[in-house]
There are 2 protein chains.
Amino acid sequence: MLDSVSHLSVAAILRDCLAETETIFERQLASDFPAVNSLCRHVERYRGKMLRPTLVILSGLATSRDPLARASVTDRHLIVACVAEMIHMATLVHDDILDDASTRRKGATVNALRGNETAVMLGDYLISNAFHLCSKAGDPTLNLQFGEVTNTLCEGELVQLSHRDDTSLDEPTYFEIIRRKTAVLVGACCRFGAMLSGVDDHVVQAMDRFGRGVGTAFQIQDDLLDLAGKEDVVGKSLGRDLDKGKMTLPLILLLSRASNAERAVVLDAIERRDDASLRRIAERGGAIDMARARAVEIVDAARKELGCLAPSPVRDLLHEMAERTVRRDF
Amino acid sequence: MLDSVSHLSVAAILRDCLAETETIFERQLASDFPAVNSLCRHVERYRGKMLRPTLVILSGLATSRDPLARASVTDRHLIVACVAEMIHMATLVHDDILDDASTRRKGATVNALRGNETAVMLGDYLISNAFHLCSKAGDPTLNLQFGEVTNTLCEGELVQLSHRDDTSLDEPTYFEIIRRKTAVLVGACCRFGAMLSGVDDHVVQAMDRFGRGVGTAFQIQDDLLDLAGKEDVVGKSLGRDLDKGKMTLPLILLLSRASNAERAVVLDAIERRDDASLRRIAERGGAIDMARARAVEIVDAARKELGCLAPSPVRDLLHEMAERTVRRDF
């Protein structure tokens, strides 16, 4: 039942699907209360790269019989794309909740909404609507699997918080944390995209691994930019990880390879939240390059998973997106 | 298929079902991470009256063919009971998130967990697990309806926050807020209990109205205790509504009936968060009694809804619970 008339460029299909995703998003969040609607409009500014919806849509297309037909993207794909973005936005809003301890420097700009309590409830409203919207897809498997994803995500955040200011955090724990808090949701986007195209389970699993790799690399790159990026290019406050006592990969690599004397200097800079010094030390000591190399390695492994797909412009675009993840400076 | 051997007293059935609910609760939240498990144990102290699970179970029994058979309470009833309690606990945990403004007095005791950020993530973990557990019941209607309930609940909280320090809040808006943030979930507990017993829709709707009435009265009583209760009897910090700039029914009644001179005194006391003075004025002016009378009136109307049920000791217990809502001083 493929309609060759509807064949379009990947970019045109993606643009159309993302626009539909946004419409579903807004319609789902619409409230009878102006106060709620104005907060939801506030949330729009969190919407950035739409990485997760894009991956749902492209994974759906790439695993379909006809990757260049708009009709290969079903309503369920779009709902799932929207649910994933809503969950992601909820985590961004809740990430802005600050403790007194972490308001030290950039608190005023970070939590520009209307205080912690409103940010909490707004995030809850997004989570609740994400699950409600997911239920509308009428596929109980999606509800169950999204629930597992968000359980894992919250555990990742809680474990990360339990390691706040823990300068002895090791690499395996770091990777377990980012697997849970970032990689699992991105993996699910690719998995659901494939699953809803009705493709074989080994492809569904390969797409899940692809997404997890991309998500992991994306998180490492985020951590790198937070330490070593340029604020005007990245477009958000940097040094937040340090403010929040989060140990990221470059710092972990730096500490694990430091002499006793260097170690003392690094620990002191962490204690003083002195990110300018840390950036200098990490750059000089090669920790930035090492972390970047890890991200590249992970993305390269992820891209190999795309070998299970038939060649298509959509597959090429997934390759390109994966690569851009570790090349971006924003 | 009723088993007369399993006939037990209502109290024994309820005890058994609540114990099972707790087991499901703990099993659902169990994590691979000790840090997460220790936080979940922390949450247990929020568990109080188990009002919501009790209403699911009793509504299920009261609308079943055999209200005194343990077998009338199905696994789905217990899952729903647990989901409702998890959602309620998430709101309690998130209610403890404080803005700088509201940490003024009792912040230290209120947020005794591990800071705002952990409380946010722990609440999210509870919400996520609630939806995940709900999906396990394998009834998509439940997912959809629970989603609607939590959307409404969050809207209620957001609208309440948008009226922070709004001393012109009127009665209709107050009732709309508590309908959304409290009554709808309590109503859903009774509705789901009946729905899962497979009873006629008019009974399901009557039970929903019963629950909403009980929930509304419960919230008014909570507000009353926060202003006029005794801290050692209630067992939690009082005066929190005032600290958080929440206008509650006794204050609304007080202001709407005050002379200009009295009004100025009341507004000044609100401004100064002087709950001792407000309590005195509200007691003397009859606002406490008036608010209490409203709660009694609402509960009496709710109890009439129970007329749709066949007489049984379970129905009697529902009557008693409703009445106790407005008599409790804890």
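Just so you know, these numbers come straight off a predicted model, no measurement behind them. (Residues numbered from 1 in each chain as written. Chains lettered and ligands numbered in written order. Predicted model: local features only at pLDDT ≥ 70, side-chain atom pairs only at ≥ 80, totals over all residues. Heavy atoms only, no water.)

### Notes on the overall build of chain A
Okay, step 1: Scanning chain A for helices and strands turns up 16 helices and zero strands.
Okay, step 2: A burial count over chain A gives 62% of its 330 residues as buried.
Okay, step 3: A fraction of 78% describes how many contacts in chain A between residues 6 or more apart in sequence connect residues 24 or more apart. (Helix = DSSP H or I, 4+ residues; strand = E, 2+ residues; numbered from the N terminus. Buried < 20%, exposed > 50% of the residue type's maximum accessible area, 1.4 Å probe, protein only. Contact = heavy atoms within 4.5 Å.)

### A few points about the pattern of salt bridges
Residues and elements named next belong to chain A.
Okay, step 1: Within this structure, the stated rule accounts for 40 salt bridges over all chains.
Okay, step 2: One salt bridge connects Arg273 with Asp165, and the closest N-O pair in it is separated by 3.1 Å. Placement of Arg273 in the loop between α13 (260–271) and α14 (275–284) and of Asp165 in the loop between α7 (140–162) and α8 (171–195) is noted, with a sequence separation of 108 residues between them.
Okay, step 3: The shortest N-O distance in the salt bridge between Glu323 and Arg327 comes to 3.5 Å. Here Glu323 pairs with Arg327, and both are found in helix α16 (residues 313–327), just four residues apart, close to one helical turn.
Okay, step 4: Look at Glu323 and you get partly exposed, because its relative accessible area is 29%. (Salt bridge = Lys/Arg side-chain N within 4 Å of Asp/Glu carboxyl O.)

### Regarding the confidence of the model for chain A
Residues and elements named next belong to chain A.
Okay, step 1: This prediction gives chain A a mean pLDDT of 90; 90% of its residues lie at or above 70.
Okay, step 2: Per-element mean pLDDT across chain A ranges from 34 in helix α5 (residues 107–110) up to 98 in helix α3 (residues 51–62).
Okay, step 3: Under a pLDDT of 50 for its full length, residues 1–6 has, in the predicted model, five contacts with residues more than four places off or in other chains.
Okay, step 4: Below a pLDDT of 50 lies the segment residues 101–110, which in the model reaches 19 contacts outside its immediate sequence neighbourhood of four places, other chains included.
Okay, step 5: Confidence estimates for the predicted assembly give a pTM of 0.92 and an ipTM of 0.92. (pLDDT = per-residue confidence, 0-100.)

### Thoughts on the packing of α8 of chain A against helix α9 (residues 201–228) of chain A
All names here are of chain A.
Okay, step 1: Two elements in contact, α8 and α9, have axes whose closest approach is 6 Å; the angle formed by their N-to-C orientations is 140°. In terms of orientation, α8 and α9 fall into the oblique class. With respect to the hand of their crossing, α8 and α9 are arranged in right-handed fashion.
Okay, step 2: Of the residues belonging to the contact of α8 with α9, the class tally is 14 nonpolar, six polar and six charged. (Axes fitted to C-alpha atoms, helices over the stretch in contact; angles between N-to-C directions. Parallel < 35°, antiparallel > 145°, perpendicular 65-115°, else oblique. Left-handed = near helix turned anticlockwise from the far one by under 90°. Nonpolar A, V, L, I, M, F, W, Y, C, P; charged D, E, K, R; others polar.)

### Quick word on the environment of Cys82 of chain B
Residues and elements named next belong to chain B.
Okay, step 1: Considering the arrangement of structural elements, one finds Cys82 in helix α4 (residues 75–95).
Okay, step 2: It is 30 Å that separates the C-alpha atoms of Cys82 and Leu249, two residues lying 167 residues apart in sequence.
Okay, step 3: If we ignore the near neighbours within four places in the chain, the residues touching Cys82 are Thr21, Ile24, Phe25 and Leu133.

### Quick look at the side chain of Gln28 of chain B
Okay, step 1: You can see Gln28 of chain B is positioned in helix α1 (residues 10–29).
Okay, step 2: Given a relative accessible area of 7%, Gln28 of chain B falls into the buried group.
Okay, step 3: A distance of 2.9 Å separates a polar atom in the side chain of Gln28 of chain B from a polar atom in the side chain of Lys136 of chain B.
Okay, step 4: Among residues more than four places away in sequence, those in contact with Gln28 of chain B are Asn151 of chain A together with Met86, Asn129, His132, Leu133 and Lys136 of chain B. (Polar contact = N/O pair within 3.5 Å; in protein donor to acceptor, adjacent residues only side chain to side chain.)

### Brief notes about the relation of the copies chain B and chain A
Okay, step 1: Of the transformation superimposing chain B on chain A, the axial component is 0.0 Å and the angular component is 180°, with the fit at an RMSD of 0.0 Å. In short, the pair behaves as if placed about a two-fold rotation axis. Among all C-alpha atoms of chain B, that of Pro140 of chain B lies closest to the rotation axis, at 3.1 Å. (Least-squares fit on C-alpha atoms with pLDDT ≥ 70 in both.)

### Regarding the nonpolar core
Okay, step 1: Counting residues in each nonpolar core, the largest one holds 220 residues, and the members touching the most others are Phe210 of chain A together with Phe210 of chain B.
Okay, step 2: Those residues in contact with Phe210 of chain B, other than ones at most four positions away along the chain, are Leu55, Cys190, Ala302, Arg303, Glu305, Leu306, Leu318 and Ala322 of chain B. (Core = buried A, V, L, I, M, F, W, Y, C linked by side-chain atoms within 4.5 Å.)

### Here's the deal with the packing of aromatic side chains
Okay, step 1: By the definition in use, this model includes five aromatic pairs over all chains.
Okay, step 2: An angle of 15° between the planes, with centres 4.3 Å apart, marks the rings of Phe131 of chain A and Phe131 of chain B as stacked. On the criterion of chain membership, the pair formed by Phe131 of chain A in helix α6 (residues 116–136) and Phe131 of chain B in helix α6 (residues 116–136) is interchain, its members lying in two chains.
Okay, step 3: Considering the side-chain rings of Tyr174 of chain A and Phe175 of chain A, the 5.3 Å spacing of their centres and the 80° angle between planes classify their relative orientation as edge-to-face.
Okay, step 4: You can call Tyr174 of chain A buried: its relative accessible area is 3%.
Okay, step 5: Using a relative accessible area of 19% as the deciding quantity, one classes Phe175 of chain A as buried.
Okay, step 6: The ring of Phe192 of chain A carries Arg191 of chain A above its face, with NZ or CZ at 5.1 Å from the centroid. (Phe/Tyr/Trp six-rings, centres within 6.5 Å; stacked < 30°, edge-to-face > 60°. Lys NZ or Arg CZ within 6 Å of the ring centre and 35° of its normal.)

### Points about helix α2 (residues 34–44) of chain B
Okay, step 1: Taken residue by residue, α2 of chain B has Val36, Leu39, Cys40 and Val43 of chain B as its buried positions. Buried residues along α2 of chain B cover an arc of 100° about the axis, so they all sit on one side. For α2 of chain B, the exposed residues lying more than 90 degrees away from the buried face are Pro34 and Arg41 of chain B.
Okay, step 2: If you follow the buried residues of α2 of chain B, they end up packed against α7 of chain A together with α1, α4 and α6 of chain B. (Arc of directions from axis to C-beta.)

### Section: the environment of Asp316 of chain A
Okay, step 1: Mapped onto the fold, Asp316 of chain A is located in helix α16.
Okay, step 2: On the basis of relative accessible area, Asp316 of chain A is assigned to the partly exposed category, the value being 44%.

### Observations regarding the interface of chain B and chain A
Okay, step 1: On the side of chain A, 47 residues touch chain B, which itself brings 48 residues to the contact.
Okay, step 2: Together, the buried faces of chain B and chain A total about 4,100 Å²; carbon and sulfur atoms form 65% of this surface.
Okay, step 3: Where chain B meets chain A, there are six salt bridges.
Okay, step 4: In this assembly, chain B and chain A are joined by 16 residue pairs in polar contact (both at pLDDT 80 or more).
Okay, step 5: Elements with a contribution of two residues or more to the side of chain B that touches chain A: α2, α6, α7 (140–162) and α8 (171–195) of chain B.
Okay, step 6: Along the lines of polarity and charge, the residues of the side of chain B that touches chain A split into 18 nonpolar, 16 polar and 14 charged. (Buried area = accessible area lost by both parts, 1.4 Å probe.)

### Here we look at the packing of α1 of chain B against helix α3 (residues 51–62) of chain B
In a packed pair of helices, the relevant descriptors are the angle between the two axes and the axis-to-axis distance.
All names here are of chain B.
Okay, step 1: Where α1 contacts α3, the axes come no closer than 10 Å and their chain directions differ by 130°. If you check the angle between α1 and α3, you find them oblique. Crossing of α1 over α3 shows right-handed handedness. Contact with α1, carried on its side by Val10, Ile13, Leu14, Cys17, Leu18 and Thr21, involves Pro53, Thr54, Ile57, Leu58 and Leu61 of α3 and no other residues of that element.
Okay, step 2: Of the residues that constitute the contact of α1 with α3, the class distribution is nine nonpolar, two polar and no charged.

### Notes on helix α13 (residues 260–271) of chain B
Okay, step 1: Along its twelve residues, α13 of chain B runs 16 Å from first to last C-alpha, staying within 8% of the 16 Å computed at 1.5 Å per residue.
Okay, step 2: Immediately downstream of α13 of chain B, the backbone of Arg273 of chain B shows phi near 50°, a positive value. (Expected span 1.5 Å × (residues − 1).)

### Describing the side chain of Arg180 of chain A
Okay, step 1: Residue placement: Arg180 of chain A occurs in helix α8.
Okay, step 2: With relative accessibility at 7%, the residue Arg180 of chain A sits in the buried group.

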